[in-house]
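What follows is each chain in one-letter form.
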Amino acid sequence: MHYPRVQGSALALCLVEIFRVNGETRLEGDVYVSGAKNSSLKLMAVALLATGQTTIRSVPDILDVTIMSELLRRLGCAVSYDPQTEVVVIDVPESITHRADYDLVRRMRASIAVLGPLIARTGEADVALPGGDNIGSRGLDMHIAGLERMGCTVTSEHGYLVVQAPTGGLVGTHVYLDFPSVGATETLLMAGVLANGTTVIDNAAREPEIADICEMLVEMGAHIEGIGSSMLTVTGVDELKPVDHTTVPDRIVAGTWGVAAAITQGSIAVHNARTEHLSLVFEKLTSAGAVVSEIVDGFSVTMDRRPTAVDIVTLPYPGFPTDLQPQFIAMNAIADGAALVTENLFEARFRFVQELSRLGAEVRTDGHHALVRGRSTLSSAPVESTDIRAGAGLVLAALVADGETIVHGIEHIDRGYVKFEEQLRRLGADISRETIADLV
Ligand code: UD1
């Protein structure tokens with residue numbers, strides 16, 4: 001269908017997808033969690049470190065996997081993905097190119113994950129600078145400082161980060177990160193595994209997705225000590241071999257289902273979840289009044305009353321994950337009492353609060369803090385997702401609002417949740433995906 005440009009204005013009608021949600025729902029049933037998005041994408045980049053065929057399992061069927069597949073193809077690999085089996089197969093040739101183009105990097109910031117492998121394999125990398133995104137500016141200074149300490153020269157040319165390893169190859173060194181950055185830890189880890197000598201990453205990020213990457217690297221023949229701790233010691237080897245690896249389950253998706261049960265006063269059994277990665281999240285759900293129980297392959301959350309508001313402070317793992325902050329704000333918005341939410345990782349993460357306010361939520365933000373006063377009901381309205389987790393938070397709020405909420409910008413949600421609306425429908429939600437003509 002073709003929609004003409006509206007006369008005399010810069011606006012045009014385009015076809016977009018939305019979720020139509022009828023609220024006042026109680027969710028009940030079982031869900032199955034796929035592998036972690038934030039791990040799968042990096043594991044695909046890790047494959048670049050070994051010539052031959054790598055297989056990665058439990059890779060979620062999301063757009064970012066398609067983007068990463070395309071990026072690897074442009075670098076010279078053959079990549080296939082089967083959404084039914086959730087298996088990615090990557091064939092890496094002897095010789096790969098070293099440029100990550102802007103058109104892909106701008107669509108997915110995680111493309112930066114190829115930086116470390118490209119330098120390690122080819123001695124150079126031209127990676128488009130990702131720029132800002134909807135949750136903040138997200139610098140690369142720690143990636144750059146670490147690579148410079150390993151002997152690289154790093155310049156910025158025409159919007160690209162241009163990195164050149166020293167003639168004799170990367171040099172192992174001791175790097176102290178100012179902050180336990182997930183991305184910087186990954187870059188230095190992937191650079192260090194093929195470097196000369198030993199690289200120590202001090203104050204490293206400890207997220208389970210980093211441990212997953214380390215485990216795959218060790219299977220490939222890398223020498224890494226301190227996995228899961230804040231000091232990773234990586235002794236370079238000459239060569240790595242391709243492997244068959246299964247991605248760690250997505251703790252953020254699992255946690256989102258936990259909140260979905262609590263906010264709707266429902267009961268959900270979450271399968272394929274690693275409970276040890278969610279201790280603090282369970283603690284908060286329990287404080288809110290939910291009953292959290294371990295089951296054989298995951299956990300269940302049952303709530304039989306209105307949640308109590310809970311304070312949240314986001315911090316690097318094992319602290320409370322920033323990627324679950326919007327979902328907990330949504331729960332606090334209909335909770336009994338008031339709560340203070342402190343965001344320490346991404347400055348723009350409270351942007352979604354304005355959208356939540358459109359549903360009647362009472363939230364005041366001041367810098368890093370948001371004060372949420374729970375209300376007994378939320379009232380439906382059209383809202384716009386600004387990023388993946390904000391989108392999930394808005395859908396959860398829409399599930400309990402009175403009436404019909406239209407959620408725009410659902411392409412963000414699709415980047416982190418596989419067929420979110422289908423899974424919600426199976427749990428009893430009244431939600432549909434529709435294509436509408438909208439002004440853009
Ligand atoms: C990853 C996750 C994201 C999660 C975040 C924190 C992926 C694809 N994304 O993002 O979902 O919310 O971890 O758990 O895995 N920073 C700098 N300079 C640097 C590096 C980071 O200033 O060199 C800052 C960023 O601007 C940000 C903070 O540090 O404010 C956290 O960044 P980082 O831990 O690296 O997160 P990402 O890898 O971007």
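Definitions and limits used
Residues numbered from 1 in each chain as written. Predicted model: local features only at pLDDT ≥ 70, side-chain atom pairs only at ≥ 80, totals over all residues. Heavy atoms only, no water. Helix = DSSP H or I, 4+ residues; strand = E, 2+ residues; numbered from the N terminus. Buried < 20%, exposed > 50% of the residue type's maximum accessible area, 1.4 Å probe, protein only. Domains from an automatic or database assignment. Contact = heavy atoms within 4.5 Å. Buried area = accessible area lost by both parts, 1.4 Å probe. Salt bridge = Lys/Arg side-chain N within 4 Å of Asp/Glu carboxyl O. Polar contact = N/O pair within 3.5 Å; in protein donor to acceptor, adjacent residues only side chain to side chain. Nonpolar A, V, L, I, M, F, W, Y, C, P; charged D, E, K, R; others polar.

**Some thoughts on unusual backbone geometry**
And step 1. Residue tyrosine 317 is joined to proline 318 through a cis peptide bond whose omega torsion reads 10 degrees.
And step 2. On the secondary structure map, proline 318 appears in the loop between strand E18 (312-313) and helix H10 (325-333).
And step 3. One non-glycine residue, glutamine 265, adopts positive backbone phi at about 55 degrees.
And step 4. Considering the arrangement of structural elements, one finds glutamine 265 in the loop between helix H8 (251-263) and strand E15 (267-271).
And step 5. By relative accessible area, which is 32% here, glutamine 265 ends up partly exposed.

**Observations regarding H10**
And step 1. With 9 of 9 residues buried, H10 lies mostly within the body of the structure.
And step 2. Three or more residues of H10 are buried, namely Gln325, Pro326, Gln327, Phe328, Ile329, Ala330, Met331, Asn332 and Ala333.

**Focus on the domain arrangement of the chain**
And step 1. When cut into domains, the chain gives domain 1 (2-31 + 250-439) and domain 2 (40-239).
And step 2. Between domain 1 and domain 2, the C-alpha centre-to-centre distance is 30 Å.
And step 3. Domain 1 puts 21 residues into the contact, and the matching count from domain 2 is 20 residues.
And step 4. When domain 1 packs against domain 2, close to 1600 Å² is buried across both sides, 54% of that on carbon and sulfur atoms.
And step 5. Joining domain 1 to domain 2, the criterion identifies 3 salt bridges.
And step 6. Taking the shortest distance from any N to any O, the salt bridge between arginine 251 and glutamate 209 comes out at 2.8 Å.
And step 7. Summed over the shared surface of domain 1 and domain 2, the result is 3 residue pairs in polar contact (both at pLDDT 80 or more).
And step 8. Among the residues forming the side of domain 1 that touches domain 2, the class breakdown is 8 nonpolar, 5 polar and 8 charged.

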